[in-house]
Amino acid sequence: MRRVRIKDDALEQRMFIQRSLFAVVIVALIALLLAGRAFWLQVVQHAHYLELSQGNRARIEPLPPNRGIIYDRARRVMAENTPAYQLELVREQAGDLEDTLSRLVRFGLLEAADVARVRQLTLSRRSFEAVPFLLQLDDEEVARYAVHRHELPGVMLETRMARHYPYGPVGAHALGYVGTISEDDLVRVDRERYFGTGVIGKTGVERAYEQVLLGTGGYREVLVNAEGRPVKLGAGADAQLETHEPQAGRDLRLTIDIELQRIAEEAFAGRRGGVVAIDPSNGDVLVFASLPSFDPNGFARGISRSEYVALTENPDQPLFNRVLRGTYPPGSTVKPLMALAGLENGVIRPEDQAYCGGSYSLPGSRHRFREPKRGGTHGAVDMRRAVMKSCDVYFYRLANTLGIERIHDSMSRMGFGQPTGIDIAGERGGIMPSPAWKKTAFSTREQQVWFPGETVIVGIGQGYWTATLLQLAKATALLATRGKHYRPRLVRALADPATGAIEEKKPEALPSIELKHVENWEIIVEAMVAVTTGGTATQAARGATYSIAGKTGTAQVFSVGQTEKYDEKEVAERLRDHALFVAFAPAEAPKLAVAVLVENGGFGSSAAAPIARAIFDAYLVKAPQ
Amino acid sequence: MIYGELGDSRTRRTVTGMARLLRALRLDGMLLSALVAVSLFGLFVLYSAAGDNTALWFSQFARIGIGFTLLILLAQVPDHFLRMLSPAAYLVGLILLVIVAFAGDIGKGAQRWLDLGIIRFQPSEIMKLAVPMMCAWYMHQRPLPPSFKDIAVIFLIVILPVALIAEQPDLGTALLVAASGMIVLVMGGLSPVYLLGGVAVMGAAVPVAWHFLHDYQRQRILTLLDPQSDALGAGYHIIQSQIAIGSGGVFGKGWMNGSQAQLEFLPERSTDFIFAVIGEELGLLGLIALLVGYLFIVGRGTYMALQCRDAFARLLAGSIALTFFVYACVNAGMVMGLLPVVGVPLPLVSYGGTSFVTLMAGFGILMSLHSSRKLVG
C-alpha cells in the first residue's frame, strides 16, 4: 500500500512562513556577525590599524638578488655586479608624475626623448614599487640630484648592485647585455620574480641564461612615514618586521677565452667582420667576435635615446651580430667539403685530372663560367691541386657531375641550411639551396625552375648558398675531428655561489659523419695543408711552428645594402668582395677550428687568413699547453 | 511615513498618483526605493573609489540605468510565463556554459566570457537566475516537503552548472549559484534531518573538495588563515583591506580622503574591495548604513515572497531575496577577512556591469511574482 501524496497549498504556505521566519533569524545573526566584525576592526582595533595606515605603515621593500657573475674559461670576470647609484621613481609618492618627469628633464637627469619610455615603465609597475630608470649615475649626476632633491618627491637615490662588464666591447656579442625591463619583457617573464629587480638580460648569454642568472628575490618590511621615508621606532616595533633574504643567481663559466678574443678583435684592425674559433673536441666556442662591437656598459647603465639612435644608425651596424645572424655566400671555403662529397659519392678519384682552361661551359651551352681574373688558367689539375690553387673550373665540373640533390644532401649533413643550435637565441640558418627549396622560396612557376647553371655555381659556394660563420666554423671542426660533431656552446658550467656546487655541462655530441672510405679524410686534410704550404694561403702561414689546414674564399657582394649616400671611395670599398678563411691547426692533432670573414676585405688570403694565424699563434704557441 | 505632514491636498494627490503609477507598472514602491537608495549610495562611494577615472563612474551610471530599465520590463512579464520559461532558460544557460568551456574567451586568467559579436557576456550570470527558476519550477509541481527523489533531482539541477562554473574557474559565482538553488530547497521545506545531514556531508567533503581546487584557490584559503604568510601575493589584498577598514574608525576619514584607497594601497578598490573603501572613508556608520539598506531589501523581498499566490512564486521570490543577502555577506566577509578571497562583487555597489544588471533582473522577477498575486484576488 502506497500513500499518494497530494499537494496541499495551505500546508505548504504554512511551512513557507515557518521557513521564512527561520531564514530571517539566520540573516539577522549573520548581519550581527558582520557588524560585530566591523566593530572589532573599526573600534576595538582602530588604533592599531590607524597606526599602520597613517603615521607609520609597514611597507614591503624588495631585496633584489645578486645576479650571477659570468667568467670566461680561465675564470676571468666578464660580467660582475658593482655598487652604483641609481635613480628610482615611486609613482604613488611622486604626486604629479608629469610634473616630476619634466623636472627631471630640466635638471638634466633625464633626456626629453626618454620621458615617454620612463612614463610607460612607471605605469606598467604597481604604484608602490620603486622603478629604477637611471641605472648608473656618475658623480656629476649624483651632485645634481643632491641639489634638487627637495623638488623631486618620489625620486630616490639608491645604492644598488649594477651590472658592469670589465672588458667593455670585447666579446660583447657573445656575452650580450642587461637593460631596464621594458613592458615587452614583462609579458614574457613572471612579474613577481622581478619585484625590486631593475634589469633583465636582453641579448646573448645574458638573455639565454636569464633564469639561471636572476636568482630569487627577498623582501623586508620597513616602517615608512606618510611621505614614504623610512623611519625607526623602538626595537619592539622592529622585531615584528620580517626579512626574507634573497638568493643569488648562479654564476656562469663561459667557453670564451677573453684574451684570445681580444687578440682576435685587435687583428681586425678596425675592419668589419667576424670570427669564430671552436675547440673541435667538444664544441667550446673560444672566440666569438662580431666587429665593430659596442660597449654593453652603455645598456647596463640605461642607454639614452640619442646614444641608442647613434648605434642603430651607424652604417657599420655595431649592434648587428654578424656571427649569429650574418648570412654570407661561403665561397671557395666549401671546396674541401665539395671534394669530400665527390669522393664519397664515387664520382671522382683524387688522382683524376681535369683541364682548366680558364672557363667552363655546360654541355650544349655557350655560357662560360669563368675563373676569377687573378687565377687565370691552372692547366691540368687533380683534386689536391684544385683545392690548393682554388681552381673554380674543377669544382664547376664536379658540381655538375654530382648534381644539386647529392650536393644538398651532403652539405645538409654537415650542418648547412640549418642553425647550429648554439646556446644563445636569434641564430639564423642560412640557405642550402635545392630544387625543393626553390619551390618554396619563389612564388611564380618560372622562378621555381632549377637551372643546371645554378648547380654549377653552388660548386664554388656561390649562388643561392648562404652560411653563417658559426656553420663554417662547425663544418671546419668536423673536418678537423674527421667526422666528430658537437653543438657549439658558450656556457660550459654553472656554479652556485652559496654552496659552491658546480654543474659542468657535458659537450653535446651530434650524429657523427661516417665515411665509406676513412682514408678520404686524410686526402682532404692533406689538400688543405697544401693550401697553406704552396697554395693560396702560403703567405699567411709562413713561419708557423705548427701545420695549418685551411682554405681561403671570397664571397661576392651583390649590392650595397644601405641606401645612404657615401662618397665614391666609400662605395667602391663597400662593393669589394668579402674575404673568408677557414682553418684548423695543428693539422694532425687539431686543437682549434676557425672561420674568419672580413667584410669587403677582398681576397681571403691577404685579409682573412692573417687573423686566423694570429689566433692560432696566441692559442697554440704562447698559451701554456 | 508621517501622515500628519500630508495635510496639504496637492502633496496627497501626488503621493496617490505615484502609488497608482507604481501599481500600473506592477512595481513595489518600498523595494524600489530601497534599491534606488543603495544604488545611489554605491555611486557616491564609487566616485571616490574610481579616483581620476571618471569614465568608469559614468559607465556604472549607465549600467544602473540599464539595470532599472530591465527591472521594470521584467516586472511586466506575467508569472505563469516566467514559470513556463524556466526549463528553457535553464537549458539554454547550460548549453552556453558548455560552449564557454570549449570556446570561451579568457579574461583575467579565467574562461568565463562568451563573445556573440555584438555583446560579450558571462553565461554564469544567466544561471544565477535560471537555477532557482528551474528548482522552483520542478518543486512547485510536486507535493512539499520534497521527497528524497525530489531532493536528488534538485541536487542534480544545481550541481551541473555549478561544476561547469567552478571549472572556469569562478568559485565565487559557483558558490552563489549553488546557494540560490539550495535556498529554494530549504524554503520548500527540506526536512531538518536532511538539512543537518547535508551540512555533515559537506563537512566530510572538505578534504575531497580541497583535492579538486585550483592551486590559486587553495592559496586563497591558506592565505585567509595566515595573511602574513604571503604578504606580497594573495595575502596583500586581505592585509590592505583590513588596514583600510580598521583605520576608518567610527566616523571614517571622510569621503575621498581614505589614504589606503586613494594612495592605491588597496587593490581592486572599485570592484570587489569597495566595501573596504566605505569602511575607511565613511567608517562604521557607513558600513552599518549599508547593512541596514541590505537588510531592508532582504526583509521586504522575503515579505513579498510570503504574499505570493503559489509555490513557484513563493520559492523563487524567497530565493531571489535571500541569495541577495548571501552576495552581500560573502563579499563583506571576504573583505573583512572572515572568508577566503573569492571574486564576488558587493551587490549594487561594486563597479561591474553584469552583476548589477543580473541583480536588477532578479528583483524585476520578484516584483512580477508579487504583483501577479492580485490578478486572482
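Note that this is a predicted model, so its numbers are computed, not measured.

### Observations regarding the overall build of chain B
Per the secondary structure count, chain B includes 14 helices and three strands. Counting every position in chain B, which comprises 377 residues, the buried fraction comes to 49%. Long-range pairs, those at least 24 residues apart, make up 71% of the contacts in chain B between residues at least 6 apart in sequence.

### Overview of the overall build of chain A
Scanning chain A from N- to C-terminus turns up 27 helices and 21 strands. Each of the 625 residues in chain A was classed as buried or not, and the buried ones make up 43%. Taking all contacts inside chain A whose residues are at least 6 apart in sequence as the whole, residues at least 24 apart take part in 76%.

### Concerning the environment of Arg272 of chain A
Residue and element names in this part refer to chain A. Along the polypeptide, Arg272 turns up in the loop between α12 (258–267) and β11 (273–279). Note on Arg272: 22 C-beta atoms within 10 Å, which makes it buried. The spacing of Arg272 and Ser293 is 21 residues in sequence and 9.3 Å in space, taken between C-alpha atoms. Sequence-distant contacts of Arg272, that is, excluding residues within four places in its chain, are made with Leu291, Pro292, Asp316 and Glu599.

### Considerations on unusual backbone geometry
Residue and element names in this part refer to chain A. Put simply, Leu291 and Pro292 share a cis peptide bond, and its omega is 0°. Tracing the sequence through the fold places Pro292 in the loop between β12 (284–291) and α13 (296–301). Not every positive phi belongs to a glycine, and Gln317 is a case in point at roughly 50°. Mapped onto the elements, Gln317 comes out in the loop between α14 (305–313) and α15 (322–325). Phi angles above zero are rare outside glycine, and Asn600 is one such case at about 55°. Counting through the fold element by element, Asn600 comes out in the loop between β21 (592–598) and α27 (604–622).

### Comments concerning the interface of chain B and chain A
If you look at the interface, chain B gives 44 residues, while chain A gives 37 residues. Those elements that provide at least two residues to the side of chain B that touches chain A are α7 (171–187), α10 (234–248), α11 (259–262), α12 (274–306) and α13 (311–335) of chain B. Looking at which element gives the most residues to the side of chain B that touches chain A, the answer is α12 of chain B, with eleven residues. The residue makeup of the side of chain B that touches chain A, split by class, is 28 nonpolar, 14 polar and two charged.

### What about the confidence of the model for chain B?
All names here are of chain B. When pLDDT is averaged along chain B, the result is 83, and 84% of the positions lie at 70 or above. Averaged pLDDT values over the elements of chain B bottom out at 53 in strand β1 (residues 105–107) and peak at 94 in α12. Taken together, the chains of this predicted complex give a pTM of 0.59 and an interface ipTM of 0.89.

### Remarks on the confidence of the model for chain A
When pLDDT is averaged across chain A, the result is 86; 91% of the residues are at 70 or more. For the stretch residues 559–568 of chain A, pLDDT sits under 50, and the model shows seven contacts to residues farther than four places along the chain or on other chains.

### Some thoughts on helix α6 (residues 148–166) of chain B
All names here are of chain B. With 19 residues, α6 should cover 27 Å at 1.5 Å per step; its first-to-last C-alpha distance of 26 Å lies within 8% of that length. If you check which residues of α6 are buried, you get Ile154, Ile157, Val158, Pro161, Val162, Leu164, Ile165 and Ala166. As for α6, its buried residues are in contact with α4 (79–103), α5 (123–140) and α7.

### Things to note about the packing of helix α16 (residues 335–344) of chain A against helix α24 (residues 519–532) of chain A
Working note: a packed helix pair is described by the angle between its axes plus the distance between those axes. All names here are of chain A. At a closest axis distance of 10 Å, the pairing of α16 and α24 adopts a crossing angle of 150°. As the angle between them shows, α16 and α24 are arranged roughly antiparallel. For the crossing formed where α16 meets α24, the hand is right-handed. For the pair α16 and α24, contact is made by Pro336, Ala339, Leu340, Leu343 and Glu344 and by Asn520, Ile523, Ile524, Ala527 and Met528, respectively. Broken down by class, the residue content of the contact of α16 with α24 amounts to eight nonpolar, one polar and one charged.

### Side note on the packing of α16 of chain A against helix α18 (residues 392–402) of chain A
All names here are of chain A. Where α16 contacts α18, the axes come no closer than 10 Å and their chain directions differ by 45°. Comparing their axes, α18 and α16 come out oblique. The element α16 and its partner α18 pack so that their crossing is left-handed. Side by side, α16 and α18 meet where Lys335, Met338, Ala341 and Gly342 of the first sit next to Phe395, Leu398, Ala399 and Leu402 of the second. Within the contact of α16 with α18, the residues separate by chemical class into six nonpolar, one polar and one charged.

### Points about the nonpolar core
Ranked by internal contacts, the top residues of the largest apolar core, which has 150 residues, are Val205, Val276, Val594, Val596, Ala608 and Ile615 of chain A. It is helix α23 (residues 469–480) of chain A that provides the largest number of residues to this core, a total of nine residues. Apart from residues no more than four positions distant in its own chain, Val276 of chain A is found in contact with Val285, Val287, Phe288, Val323, Leu469, Leu470, Ala473 and Ala595 of chain A. Listed in part, the 117 residues of the second largest apolar core include Leu34 of chain A together with Tyr90, Met336 and Leu346 of chain B.

### Describing the pairing of β11 of chain A
Residue and element names in this part refer to chain A. Counting buried positions over the seven residues of β11 gives seven, a clear majority of the element. Relative to β12, β11 runs antiparallel, the two sharing seven bridges. Paired with Val276 across the two strands is Phe288, which belongs to β12. Following β11, the chain reverses through four residues before pairing antiparallel with β12; Gly283 in that reversal takes a positive phi of roughly 85°. Note: β11 against β21, six bridges, orientation antiparallel. Following the sheet pairing, Ala277 is matched in β21 by Val594.

### A few points about the sheet that holds strand β20 (residues 578–585) of chain A
Residues and elements named next belong to chain A. With antiparallel pairing, five strands are arranged side by side in an open sheet as β12-β11-β21-β20-β19. Two strands bound the open sheet, and with one partner strand each, they are β12 and β19 (549–555). The mean angle between the axes of side-by-side strands here comes to 5°, regardless of whether they run parallel or antiparallel. Note: β20 against β21, seven bridges, orientation antiparallel. Paired with Val582 across the strands is Ala595, a residue of β21.

### Some words on helix α8 (residues 192–212) of chain B
Residues and elements named next belong to chain B. Across its 21 residues, α8 extends 29 Å between first and last C-alpha, which sits within 8% of the 30 Å expected from 1.5 Å per residue. Bending of α8 peaks at approximately 45° at the position of Val206, with proline Pro207 no more than four residues after it. Of all 21 residues that make up α8, zero are buried, and the element is exposed over most of its length.

### Let's talk about the pairing of strand β4 (residues 130–134) of chain A
Residue and element names in this part refer to chain A. Most of β4 sits inside the fold, with four of its five residues counted as buried. One ladder, built from four bridges, connects strand β3 (residues 77–90) with β4; its direction is antiparallel. If you follow Val90 over to β4, its bridge partner there is Ala130.

### What to know about the environment of Arg542 of chain A
Residue and element names in this part refer to chain A. Along the chain, Arg542 turns up in the loop between α25 (538–541) and β19. By C-beta crowding, Arg542 is classed as exposed, having 10 other C-beta atoms within 10 Å. Between the C-alpha atom of Arg542 and that of Arg613, which follows or precedes it by 71 residues, the distance is 9.6 Å.

### Let's talk about the environment of Leu123 of chain A
Inspection of the secondary structure assignment puts Leu123 of chain A in helix α5 (residues 115–124). It is 7.8 Å that separates the C-alpha atoms of Leu123 of chain A and Arg91 of chain A, two residues lying 32 residues apart in sequence.

Basis of the calculations
Sequence order as written defines residue numbering, which begins from 1 separately in each chain. For this description, chains carry letters from A and ligands carry numbers from 1, given in the order in which they are written. Only residues with pLDDT of at least 70 are given local features in this predicted model, and only at 80 or more are side-chain atom pairs given and counted; all residues enter the totals for whole chains, interfaces and linings. Runs of H or I in DSSP of at least four residues are treated as helices and runs of E of at least two as strands, each being numbered from the N terminus. Whether a residue is buried, exposed or partly exposed follows from its count of other C-beta atoms within 10 Å of its own C-beta, namely 20 or more, 12 or fewer, or something in between, respectively; the C-beta atoms are built from the backbone. The contact rule is simple: place each C-beta atom from the backbone, and if two of them lie within 7 Å, those residues are in contact. Under the grouping applied here, Gly and all other residues not named as nonpolar or charged are polar, the nonpolar ones being Ala, Val, Leu, Ile, Met, Phe, Trp, Tyr, Cys and Pro and the charged ones Asp, Glu, Lys and Arg. Across the chain, each position has a pLDDT score giving the predictor's confidence in that residue, from 0 to 100. The length a helix should cover is 1.5 Å for every residue beyond the first. Lines fitted to the C-alpha atoms define the axes, with helices restricted to the stretch that makes contact. Angles between their N-to-C directions range from 0 to 180 degrees. The scheme is simple: roughly parallel for angles under 35 degrees, roughly antiparallel for over 145, roughly perpendicular for 65 to 115, oblique for anything else. In this scheme the handedness of a crossing depends on how the near helix is turned from the far one: anticlockwise by less than a right angle means left-handed, clockwise means right-handed. By convention in this section, buried Ala, Val, Leu, Ile, Met, Phe, Trp, Tyr and Cys residues joined through C-beta atoms within 7 Å make up a nonpolar core. Here, any two strands with at least 2 DSSP bridges between them count as paired. The angle between axes fitted to the seven-residue stretch ending at a residue and the seven-residue stretch beginning at it gives the bend at that residue.

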